[in-house]
Amino acid sequence: MPNAATPDYEGLVKFLLEPFLESPESLRVDCEKSSSRPKVLIRIAFDSPDKGRVFGRGGRNIQAIRTALEAIGQTVGQSVHLDIYGSDRSSRSSSDNPDRSSERRTSKPKIPRPISRKRDSEALD
């Protein structure tokens, strides 16, 4: 049943995301529908402190939201894509900061050296 009534993606995204946000008023949703193709691009932005709750452990929350949006889009013959933007500039990743990324590369876990069997047998004599 393609081209049926288009779902209210903006309302749906707000319904799904607001429970995760400490400040729901910070949520910004922009929904862009392609006129030439059955494609919908949804862009969201919210305060950085809420990022962990929105994404969830291992990205499970945001993946579930994306899956729900894609499934709803498929029912009306649309392809739905969700993009996430930070709403403030302090949310840059540590890869943007060369000081922090170099710390990660230089700190490697120390692995103990294996004990050779010959030494063990000599210790028993």
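Residues numbered from 1 in each chain as written. Predicted model: local features only at pLDDT ≥ 70, side-chain atom pairs only at ≥ 80, totals over all residues. Heavy atoms only, no water.

### A few points about the overall build of the chain
Consideration 1: Within the chain, the secondary structure is distributed over 5 helices and 3 strands.
Consideration 2: Put simply, the chain runs from its N terminus to its C terminus through helices and strands in the order α-β-β-α-α-β-α-α.
Consideration 3: Taken across its 125 residues, the chain has 23% of its residues classed as buried. (Helix = DSSP H or I, 4+ residues; strand = E, 2+ residues; numbered from the N terminus. Buried < 20%, exposed > 50% of the residue type's maximum accessible area, 1.4 Å probe, protein only.)

### Describing helix α1 (residues 9-17)
Consideration 1: The set of residues buried in α1 consists of Tyr 9, Val 13 and Leu 17. Along the axis of α1, the buried residues cluster in a sector spanning 55°; they form a single face. (Arc of directions from axis to C-beta.)

### With respect to the confidence of the model for the chain
A low pLDDT score tells you not to read the predicted coordinates there in detail.
Consideration 1: Per-residue confidence for the chain averages 78 on the pLDDT scale, and 65% of its residues sit at or above 70.
Consideration 2: Confidence drops under pLDDT 50 across residues 87-105; counting only partners more than four residues distant or on other chains, this segment forms 11 contacts. (pLDDT = per-residue confidence, 0-100. Contact = heavy atoms within 4.5 Å.)

### Considering the pattern of salt bridges
Consideration 1: Summed over the entire model, instances satisfying the criterion amount to 5 salt bridges.
Consideration 2: Its salt-bridge partner being Arg 43, residue Asp 30 comes within 2.8 Å of it at the nearest N-O pair. Taken together, the residues span a long stretch of sequence, with Asp 30 in strand β1 (residues 28-33) and Arg 43 in strand β2 (residues 39-46) at a distance of 13 residues.
Consideration 3: We note a salt bridge from Arg 43 to Glu 32, for which the minimum N-O separation is 3.0 Å. Separated by 11 residues along the polypeptide, Arg 43 in strand β2 and Glu 32 in strand β1 bring together distant segments of the chain.
Consideration 4: Judged by relative accessible area, Arg 43 falls into the partly exposed class, the value being 23%.
Consideration 5: Taking the relative accessible area as the measure of exposure, Glu 32 reaches 41% and is therefore partly exposed.
Consideration 6: Each of Glu 22, Asp 50 and Arg 53 takes part in a single network of salt bridges with overlapping partners. (Salt bridge = Lys/Arg side-chain N within 4 Å of Asp/Glu carboxyl O.)

### Some details on the nonpolar core
Consideration 1: Of all hydrophobic cores here, the largest spans 17 residues; its most connected members are Ile 42, Ile 44 and Leu 69.
Consideration 2: Mapped onto this core, the elements with two or more residues apiece are α1, β2, α3 (60-75) and β3 (79-86).
Consideration 3: For this core, the element with the highest residue contribution is β2, accounting for 4 residues. (Core = buried A, V, L, I, M, F, W, Y, C linked by side-chain atoms within 4.5 Å.)

### A word on the side chain of Ser 23
Consideration 1: Looking at the secondary structure, you find Ser 23 in the loop between α1 and β1.
Consideration 2: In contact with Ser 23, other than residues within four places in its own chain, are Asp 47 and Asp 50.

### Some details on the environment of Gln 78
Consideration 1: With respect to the helices and strands, Gln 78 occurs in the loop between α3 and β3.
Consideration 2: Measuring from C-alpha to C-alpha, the distance between Gln 78 and Lys 39 comes to 5.4 Å, with 39 residues separating the pair along the chain.
Consideration 3: Side chain to side chain, Gln 78 and Tyr 9 meet in a polar contact 2.5 Å long. (Polar contact = N/O pair within 3.5 Å; in protein donor to acceptor, adjacent residues only side chain to side chain.)

### What to know about the pairing of β2
Consideration 1: Judged by how many residues are buried, β2 sits mostly within the fold: 6 of 8 residues are covered.
Consideration 2: With 6 bridges connecting them, β1 and β2 associate as antiparallel partners. By the bridge assignment for β2, Lys 33 is matched with Val 40.
Consideration 3: Remark: 5 residues form the turn of the hairpin made by β1 and β2, two consecutive strands paired antiparallel. (Pairing = 2+ DSSP bridges.)

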